[in-house]
Amino acid sequence: MRTATVVAAMLAAAAGATSPARAAEPAAHGASAATTSPAARTQAAAHRHAAAGGEARGPSPTEIRRAFDAADLDHDGYISLEEFHKNALQAFNALDSDHDGYISREELAPLPRALRQSLLGSLRHADQDGDLRLSFKEVMEARMADFAAADTDGDGRLSLREVLDFHSKRSRMP
């Protein structure tokens, strides 16, 4: 999976839970579908898929729609740059379980296998200094590249169609 898929992978981890392991199983912690973020549900779906013996895959269009709806804080049908940044911060904080300002391989270990493999691929591509961990700056640079690539009409916000098209193109990449 390429750096550009950090959007989907990090949306999947942006559950607001105290650890990635908790984010993987929102229903086990008393969260309903209405109160659990779509990002958490996306990660839970990846966990269920992996547990059922499924291959690593990107998020489904339904999972993307749910994550999109969660990121669209003002419910105007678009993810603004401000909303995108808030989502990136939430995702980073959810993954940085030891709160040292970096996402390391060890912090990804509790995640479901398919999601962990996806994020490890993203880590390799986004890790600019080669230290095998991602700083917030590295994550934001990768996320901003994703935003720019997905914003095909250049209006500074993402529509659901742009996000779906972005993920469709990325899922076909080797």
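Heads up: these notes are all about the structure in this document. Predicted model only: the values in this text are computed from it and were never measured.

Conventions we followed
- Residues numbered from 1 in each chain as written.
- Predicted model: local features only at pLDDT ≥ 70, side-chain atom pairs only at ≥ 80, totals over all residues.
- Heavy atoms only, no water.
- Helix = DSSP H or I, 4+ residues; strand = E, 2+ residues; numbered from the N terminus.
- Contact = heavy atoms within 4.5 Å.
- Areas by Shrake-Rupley, 256 points an atom, 1.4 Å probe, with all protein chains shown as cover.
- Axes fitted to C-alpha atoms, helices over the stretch in contact; angles between N-to-C directions.
- Parallel < 35°, antiparallel > 145°, perpendicular 65-115°, else oblique.
- Nonpolar A, V, L, I, M, F, W, Y, C, P; charged D, E, K, R; others polar.
- Salt bridge = Lys/Arg side-chain N within 4 Å of Asp/Glu carboxyl O.
- Buried < 20%, exposed > 50% of the residue type's maximum accessible area, 1.4 Å probe, protein only.
- Core = buried A, V, L, I, M, F, W, Y, C linked by side-chain atoms within 4.5 Å.

### A closer look at the overall build of the protein chain
Then comes step 1: On a plain count of helices and strands, the protein chain comes out with nine helices and four strands.
Then comes step 2: Secondary structure elements of the protein chain occur, N-terminal to C-terminal, as α-α-α-α-β-α-β-α-α-β-α-β-α.
Then comes step 3: Residue pairs in contact within the protein chain that sit at least 24 positions apart in sequence constitute 62% of those at least 6 positions apart.
Then comes step 4: With an accessible surface of roughly 8600 Å², the protein chain has 54% of that area assigned to carbon and sulfur atoms.

### Topic: the packing of helix α8 (residues 136–150) against helix α9 (residues 160–171)
Then comes step 1: Viewed as axis vectors pointing N to C, α8 and α9 meet at an angle of 110°, and their least axial separation amounts to 9 Å. Judged by the inter-axis angle, α8 sits roughly perpendicular to α9. Along its contact with α8, which presents Asp146, Ala149 and Ala150, the element α9 presents Glu162, Phe166 and Arg170.
Then comes step 2: Grouping the amino acids of the contact of α8 with α9 by side-chain chemistry returns three nonpolar, no polar and three charged.

### Observations concerning the pattern of salt bridges
Then comes step 1: Taken as a whole, this structure holds five salt bridges when the rule is applied.
Then comes step 2: Notably, a salt bridge pairs Glu82 with Lys86, separated by 3.3 Å at the nearest N-O pair. Taken together, the positions of Glu82 and Lys86, both in helix α5 (residues 81–95) and four residues apart, correspond to about one turn of that helix.
Then comes step 3: Residue class for Glu82 comes out exposed when judged on its relative accessible area of 52%.
Then comes step 4: Taking relative accessible area as the criterion, Lys86 reaches 46% and is therefore assigned partly exposed.

### Focus: the nonpolar core
Then comes step 1: In terms of nonpolar packing, the biggest core is built from 13 residues, with Leu95, Ile103, Leu108, Leu111, Leu119, Leu134 and Val139 touching the most fellow members.
Then comes step 2: Secondary structure elements with two or more residues in this core: α5, α7 (113–126) and α8.
Then comes step 3: With five residues, the single largest contributor to this core is α7.
Then comes step 4: Formed by twelve residues, the second largest nonpolar core is a distinct cluster that contains Phe68, Ile79, Phe84 and Ala150.

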